[in-house]
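# Residue-level structural notes
Read off the chains here:
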Amino acid sequence: MKKVVIFAFALLTSAIVFAQEETVHPQEVTRDFTTLKGLSWGLGIPFECRDLPGAGITVYIGYDCAYPINDKLAMGFYLTGGGGLWSEYKRYSDEDNEHVVFRLTAGLMMAFGDIKNKPFLIGVAPGTGIGFYDLDLVLPVEVRFGKYITNRWYIMGELTYHVSLADETATIEPAIRVGYNFGRKQKK
């Protein structure tokens, strides 16, 4: 009984302290949304059209970052990682028909236009990454294009060609990405 009373008193006291702190010191956090610091999620469909024709589905998560240079341009980078499953159209044997695919990509991210009012986005990754498709090591060559929907949410289309290092596969992957810009805290 003694422990319950002490716990209830501590809980009540801490609730009162937090309530008083919120009313005495209201903090207005302002953010700068011209700086892109966001998370993006993507869904892609890889198509292999040379060695073993097939298709699959992939899911990605990434970090997008771009700092304003002037009122019309912001530049930065992005990192994306993820994977999924891929399967052949025609099965020629009972083994190795489904594969796990993986990709990790880094690239250049740019926002242009009026960066204070829903700018356009472009991203380019010229083989700066690594991936595995159809048990083959690939380098992703990626192009992204998109636009802000609001000052926080943005949407991008993505097209990736996977350059096979063994010259076996030819994989093209269209994808769509949705991102959320957290912005940057402004200094007071």
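Refer to the structure presented above.
Residues numbered from 1 in each chain as written. Predicted model: local features only at pLDDT ≥ 70, side-chain atom pairs only at ≥ 80, totals over all residues. Heavy atoms only, no water.

## Concerning the nonpolar core
Listed in full, the 11 residues of the largest apolar core are Leu36, Ala66, Ala74, Tyr78, Met109, Ala111, Leu121, Ala125, Tyr148, Tyr154 and Met156. Those elements that provide at least two residues to this core are strand E5 (73-88), strand E6 (98-112), strand E7 (120-126) and strand E10 (153-164). Setting aside chain neighbours within four positions, we find Ala66 in contact with Thr34, Thr35, Leu36, Ala74, Met75, Gly76 and Met109. Listed in part, the 6 residues of the second largest apolar core include Leu52, Trp86, Val101 and Val138. (Core = buried A, V, L, I, M, F, W, Y, C linked by side-chain atoms within 4.5 Å. Buried < 20%, exposed > 50% of the residue type's maximum accessible area, 1.4 Å probe, protein only. Helix = DSSP H or I, 4+ residues; strand = E, 2+ residues; numbered from the N terminus. Contact = heavy atoms within 4.5 Å.)

## Some remarks on the pairing of E5
Relative to E5, strand E4 (residues 54-68) runs antiparallel, the two being bridged by 15 bridges. When the sheet's bridge partners are listed, Tyr67 is paired in E5 with Met75. Between E4 and E5, which pair antiparallel one after the other, the connecting turn spans 4 residues. Note: E5 against E6, 15 bridges, orientation antiparallel. Bridging across to E6, Gly84 finds its partner in Val101. (Pairing = 2+ DSSP bridges.)

## Quick look at the environment of Gly76
Position of Gly76 among the secondary structure elements: in strand E5. What Gly76 contacts, discounting residues up to four positions off in sequence, is Cys65, Ala66, Gly107, Leu108 and Met109.

## Quick word on the packing of aromatic side chains
Counted according to the given criterion, the structure contains 6 aromatic pairs. Geometrically, the ring pair formed by Tyr148 and Tyr154 is tilted, given 5.5 Å between the ring centres and 50° between the ring planes. When the ring of Tyr180 is compared with that of Phe182, the centres are 4.9 Å apart and the planes differ by 75°; the resulting orientation is edge-to-face. Look at Tyr180 and you get buried, because its relative accessible area is 18%. By the ring-pair criterion, three or more aromatic residues cluster together here, those being Trp153, Tyr180 and Phe182. Over the face of the ring belonging to Tyr60 we find Arg103, whose NZ or CZ atom lies 4.3 Å from the ring centre. (Phe/Tyr/Trp six-rings, centres within 6.5 Å; stacked < 30°, edge-to-face > 60°. Lys NZ or Arg CZ within 6 Å of the ring centre and 35° of its normal.)

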